[in-house]
Amino acid sequence: MAVNRNFRTCPSTGLVYHEPAEKLIRWNAVAGVVSLLVGGVLALLVTLTRWPAVKLLPPDWFYLALTAHGLDMLVFWIIFFEIAVLYFAASTLLKCRLATPKVAWAAFWLMIVGALMNNFAVFKGDSSVMFTSYVPMGAHPLFYLGLILFAVGALIAVFVFFGTLVVGKAEKTYNGSVPLVTFGAITAAIIATFTIAAGAIILIPTFLWSVGLVSHIDSLMYRTVWWGFGHSSQQINVAAHVSVWYAIAAIVFGAKPMSEKVSRMAFVLYILFLQLASAHHLLADPGLTSNWKIFNTSYAMYLAVLASMVHGLTVPGAIEVAQREKGFNKGFFEWLRKAPWGNPCFSGMFISLVGFGFLGGISGVMMGTEQLNLIIHNTIYVPGHFHATVVVGTTLAFMALTYFLIPTLFRRELMFPGMAKWQPYVYGLGMCAFSVFMMGAGTLGVPRRHWDMAFSGAILPHEFPGTAYLMMGIMAVSGIAAVVGGAMYLLITVGSVFFGRKIETPGFKRVPVREGMAPPPAPVAVAPAGHGAIGLGGFVAPGTFVLAMIFLVSFVLYYFVNWKYLSTVWPMN
Amino acid sequence: MTAIHSPAQRVWWKQPLDRVEGTWIVIAFVWCLVMFFMMPYWHIYGKQNLSNEAYRTTPEAYVAKTQAMVDKYTVRTATEQNIPVVHPVPGSDVYLIARLWNFWPILELEEGQTYKLHIMSTDWLHGFSLQPENINVQIHPGYEHVMTITPTKEGTYSIICNEYCGINHHTMASKLYVVKPKKS
């Protein structure tokens, strides 16, 4: 059987697309966006229910919508899009044919069947067990089976990605090391492999339990192993969206990594330490020792946090260096002022970076500190945190990348370019405010996954202070703003992909491999050197350094404010 | 070459660090160490640490122990459900059951006294969220968690469940009373 070796070169970006890979990237991205649409409608319903003045849904529908929202967003939207990113990072960036496209299609359809099956189980009404499906609360067997099929499909897709790397190496489609973005994608894929393994270890017995073949699943064992899947899958997102940040910095600014060594080492730290984070969720649980909790929750002395802090510096640092080399070298912040703020690809990426660091990153370390967790565990502070990481961080970064992919990958002109300019601001800032007010309400004790903070029908209700109600109200309004931003994104992307003006390239044809493809650059024999005469005081990126110091000061202050607050609650040990 | 191209230099690992990167890595690493050592520090010098003491047990055994405490220390009942309010002696073992969808019994503790609080669920996962203190602990079925607590101020507190436990999750709330120590 002949291998399809047809490629096309994008005339505007010079990127090279393998015909089957291109189709797979498109379909995986589209499946992701459809999940985002479903999840987004559910998001609106959930937000309007948690708005105390509106309380839209009855409790059964609320818990159903919340379960489906979590799965459609956190699993189906993000992982479909990540598979698209993986194929892009391997096939397109390495100018390499995708390994075994047929297997990749099998993976895709397996994921589709799994996602539909899981959604079917939830919408049937007897599987409102939340994203986490903690035992002994049980869901319909199809709920678990759907997730298992989806995970198997995703794992196969990850193997296709690895196979493509092997093909690229064997067929010498690139010289030297893989690009940094591909390296980040490899990080994400390695984390995905052991994450999905953890998922299999816990979901398969749980499925067997749901059909009656296993008699008992221990709740603490479930939480420990499940979070090896649940938290680690968020680390896939981190590795993937950090790669997307680097990619956008390269695409928009032509930015080079400040140093390959530092950025790649930071990715290696992710591989080595992110997997320990299951412990973040078990800090308030009985039956585990403090030694275990402290070591694991800190990713072995915060080495993975260090990695994120490094990326948080090197991504904007690389942009700053590129801008300064272009001549925006005045003062600390000319490079940032003169950045293309009207380009949604850049503005989305930058809001994603800042929001992820300041809101998601700092709050994540608070919750992940053994003792501080006591004043945060299971309050609405927790979803406040992860909407800042997974939505502002991952989803917004993916949205930003879409604005680049529509012309190059789908070969369509962007519809509603004026709206696209505003979309990252409406969505990103709405979501940042949403997260902040959730965290605020959480500080006042408002629980997460809770239909009614007024406890209607309870014999001994608790009365939350008025401030908590106010925060939940502002949270809901911000959430609606974010939903509007999400609707703008869907309108722009779906409109462009299906109805946008086709970008016609005169004389377009797909060519067999190599012919018409730029030859790989020959290795340059120059001596490794630093950057030129830019920056201030020996710092090539002084503006970024100032931003990093502002971040650090906020981090330190907020950290000790939380310890101060902890010291005022009842002594216990 | 940018991040979407292969590095131009084959031996990219020999490129020297920019000063801005090196400085930031050192600062960030020091901060990471501070945060790490803050946790053991608080175990030694801080007063709020979650206990590591827990026992595997069965719902029946746990309910029996709770019942024994209720029989011994009930001072009155509350609400139409006649939920017992117990006032155990300071320093004693205090039991609280979490179950679908209530906490049982209601505890009345003395200000400034220390108690060994046992919590366990007899069915699903639940949450122990003490408001407005905002102390939050996970409750598992089959794991009896023992922690010493010292209420610092008299007043009426709420215990709410903050682990989703089904359709009536939002009704799962109770009270905890802290009173001035009785003069003896």
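Residues numbered from 1 in each chain as written. Chains lettered and ligands numbered in written order. Predicted model: local features only at pLDDT ≥ 70, side-chain atom pairs only at ≥ 80, totals over all residues. Heavy atoms only, no water.

So, the overall build of chain A
Broken down by element type, chain A carries 15 helices and three strands. Against the 2.2 N^0.38 benchmark of 25 Å for 573 residues, chain A shows a C-alpha radius of gyration of 24 Å, consistent with a compact globule. Principal axes of the C-alpha set define a box for chain A whose edges measure 75 × 60 × 45 Å. Within chain A, counting contacts between residues at least 6 apart in sequence, those at least 24 apart form 82% of the total. Put simply, chain A shows about 19600 Å² of open surface, and 73% of that area lies on carbon and sulfur atoms. The average position of the 33 basic charges and that of the 19 acidic charges among the side chains of chain A differ by 9 Å. (Helix = DSSP H or I, 4+ residues; strand = E, 2+ residues; numbered from the N terminus. Rg over C-alpha atoms; globule rule 2.2 N^0.38 Å. Contact = heavy atoms within 4.5 Å. Areas by Shrake-Rupley, 256 points an atom, 1.4 Å probe, with all protein chains shown as cover. Lys, Arg positive; Asp, Glu negative; His and termini not counted. Charge placed at Lys NZ, Arg CZ, Asp CG, Glu CD.)

Concerning the interface of chain B and chain A
With 89 residues of chain B in contact, the opposing surface of chain A contributes 118 residues. Regarding the contact of chain B and chain A, the summed buried area is about 9400 Å², with carbon and sulfur atoms giving 68% of it. A per-residue breakdown of the area chain B buries against chain A is headed by Trp24(B), Tyr164(B) and His170(B), which together make up 9% of the total. Where chain B packs against chain A, one counts three salt bridges. For Arg223(A), the salt bridge identified is with Glu163(B), shortest N-O distance 4.0 Å. (Buried area = accessible area lost by both parts, 1.4 Å probe. Salt bridge = Lys/Arg side-chain N within 4 Å of Asp/Glu carboxyl O.)

Section: empty space enclosed by the protein
Residues and elements named next belong to chain A. One pass over the structure, following the stated rule, counts seven cavities of 30 Å³ or more. Approximately 190 Å³ is the volume attributed to the largest cavity. Around the largest cavity sit 21 residues that line it, and Ile79, Ala154, Ala192, Ile196 and Ile236 are the ones nearest its centre. Looking at the lining of the largest cavity, the elements that each hand over two or more residues are helix H2 (59-92), helix H4 (141-170), helix H5 (180-210) and helix H6 (219-253). (1 Å grid on protein atoms, 1.4 Å probe; cavity = no way out; pocket = protein on both sides within 12 Å on 5 of 7 lines; lining within 4 Å. Points joined across faces, edges and corners; volume = space filled by probe spheres on them.)

Side note on a nonpolar patch on the surface
All names here are of chain A. Where nonpolar side chains cluster on the molecular surface, the patch consists of Val34, Leu37, Val38, Val41 and Phe123 and spans about 410 Å² of accessible area. Broken down by element, the nonpolar patch gets its largest block of residues, four residues, from helix H1 (residues 19-50). For Val41, the location among the structural elements is in helix H1. (Patch = residues over 30% accessible without salt bridge, like charges linked within 9 Å, V, L, I, M, F, W, Y side chains within 5 Å.)

A look at the domain arrangement of chain B
When the domains of chain B are assigned, the result is domain 1 (1-49) and domain 2 (54-179). The straight-line distance from the C-alpha centre of domain 1 of chain B to that of domain 2 of chain B is 43 Å. (Domains from an automatic or database assignment.)

Details of the pairing of strand E7 (residues 115-121) of chain B
Residues and elements named next belong to chain B. Across the seven residues that make up E7, a large majority, six, are buried. With six bridges joining them, strand E4 (residues 93-99) and E7 adopt parallel strand pairing. Looking at the pairing, Ile97 lines up with Met120 of E7. As paired elements, E7 and strand E10 (residues 143-149) share five bridges and run antiparallel to each other. In the strand pairing of E10, Lys116 is matched with Thr148. (Buried < 20%, exposed > 50% of the residue type's maximum accessible area, 1.4 Å probe, protein only. Pairing = 2+ DSSP bridges.)

Considerations on the pattern of salt bridges
Once the charged atoms of two side chains with opposite charge are near each other, the side chains can pair. Residue and element names in this part refer to chain A. The tally for this structure, following the rule as stated, stands at 21 salt bridges over all chains. Where Glu22 meets Arg510, a salt bridge forms, and the shortest distance between an N and an O atom there is 2.9 Å. A residue pair is termed long-range when its members are at least 10 positions apart, and Glu22 in helix H1 and Arg510 in the loop between helix H14 (466-499) and strand E3 (511-512) qualify at 488 residues. Taken together, the shared-partner salt bridges connect Arg8, Glu19, Glu22, Arg26 and Arg510 into one network.

Quick word on the sheet that holds E10(B)
All names here are of chain B. If you walk across this open sheet you meet the five strands as E1-E10-E7-E4-E5, and the pairing is mixed. In this open sheet, the two edge strands, each paired with only one partner strand, are strand E1 (54-56) and strand E5 (102-104). For this sheet the average axis-to-axis angle between neighbouring strands, irrespective of direction, equals 25 degrees. Relative to E10, E1 runs antiparallel, the two sharing three bridges. When the bridges of E10 are listed, Tyr55 appears paired with Glu144. Seen against the sheet, helix H2 (residues 59-73) touches E4, E5, E7 and E10 and runs at an angle of roughly 125 degrees to E4. (Axes fitted to C-alpha atoms, helices over the stretch in contact; angles between N-to-C directions.)

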